[in-house]
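# Inside the fold
Letter by letter, the chains look like this.
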Amino acid sequence: MKNVTELRNELADVFAKLKAGEIDVKSAESLANLSGKIINSAKAQIDYYALRKEAPTIDFLKDDTPIENTKS
Amino acid sequence: MAFDEKAYRKAYYEANKEKIIARMAEWKRNNPDKMKEHGKAYRARNKERIADSSKAYHEANRDAINVKARLRYAADIDRQRGRSKQYRATNKEKRKATCANYRQRNREAIAMWDKNYNAANKCRHSARARERTEKLPDSLIRNRLIGKGWKVVPQQLIEVKRLQILIKRELKTAKGNTNEKRN
């Protein structure tokens, strides 16, 4: 998972598999928790740039692909 | 002895009073236009006299006239609404001050009414909140993150967060089902 698009796609995949019962609860839980950690690390980076009053250039958030509708 | 026409007419009228009144009434019935003209001409000729007598009547019967007018006004809801509307339009500032004063004086009572209203409409509010939580709009996720101390919330992270919430929800359901099976 190099960037936010990959993370999103991964989570969408996990969500679909979880609904279909193709993945066990523990693996899905750890992936959901991991995504929370990644989101919080991005938040820390954003806060850092905000404190330095700089425009954030975060590679993880660079996203060229269009956002798919993830609403169920 | 000279002929007194006036006395003769008077005597004739007294002798034939009922007959004359009946004929006059019949003539009035048959000539409504002429009666209307006559009335108009009379009012024009006696303008001051009518005004004086009307004024005297109003002064003598002021209380009774006021009572009747009040009863008429009380029965006419459209007129009341019109007057209230007109008053509100012409006295905006005064009304604002009155309302503020009322709220100030009755703060406790208003708080109690609000509390009762909220209690009575709790189901409606809860349904709305449930629907919003179910749909997970961007604004809800953004507000949740801001509530947790986020200052800037990028759109990409909102998408990821939504997926995370959906997965957690699904996990909760799955766990619930497992517990049910165990029981």
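Residues numbered from 1 in each chain as written. Chains lettered and ligands numbered in written order. Predicted model: local features only at pLDDT ≥ 70, side-chain atom pairs only at ≥ 80, totals over all residues.

This part takes up unusual backbone geometry. Residues and elements named next belong to chain B. In this structure, Leu136 is a non-glycine residue whose phi angle is positive, near 50°. Among the secondary structure elements, Leu136 is positioned in the loop between helix 9 (122–135) and helix 10 (138–147). According to the C-beta neighbour criterion, Leu136 is buried, with 20 such atoms within 10 Å. (Helix = DSSP H or I, 4+ residues; strand = E, 2+ residues; numbered from the N terminus. Buried ≥ 20, exposed ≤ 12 C-beta atoms within 10 Å, placed from the backbone.)

Within the largest apolar cluster, 16 residues are counted, with the highest numbers of intra-cluster contacts made by A:Leu11, A:Val14, A:Phe15, A:Ala28, B:Val160, B:Leu163 and B:Ile167. Counting residues per element, the ones that place at least two in this core are helix 1 (4–20) and helix 2 (25–51) of chain A together with helix 11 (155–182) of chain B. (Core = buried A, V, L, I, M, F, W, Y, C linked by C-beta atoms within 7 Å.)

The partner chain B presents 20 residues to the 27 residues of chain A that form the contact. Sorting the residues of the side of chain A that touches chain B by element identifies helix 1 and helix 2 of chain A as the ones contributing at least two each. Considering every element that reaches the side of chain A that touches chain B, the biggest residue donor is helix 2 of chain A, with twelve residues. Its residues assigned to classes, the side of chain A that touches chain B shows 16 nonpolar, four polar and seven charged. (Contact = placed C-beta atoms within 7 Å. Nonpolar A, V, L, I, M, F, W, Y, C, P; charged D, E, K, R; others polar.)

All names here are of chain B. Taking 1.5 Å of rise per residue, the 14 residues of helix 9 would be expected to cover 20 Å, and the 20 Å separating its terminal C-alpha atoms lies within 8% of that figure. Judged by how many residues are buried, helix 9 sits mostly at the surface: zero of 14 residues are covered. The positive-phi residue at the C-terminal boundary of helix 9 is Leu136, with phi of around 50°. (Expected span 1.5 Å × (residues − 1).)

With that out of the way, let us pick up the confidence of the model for chain B. Residues at a pLDDT of 70 or more form 96% of chain B, whose mean pLDDT is 90. Scored as a whole, the predicted complex attains pTM 0.47, and scored at its interfaces, ipTM 0.79. (pLDDT = per-residue confidence, 0-100.)

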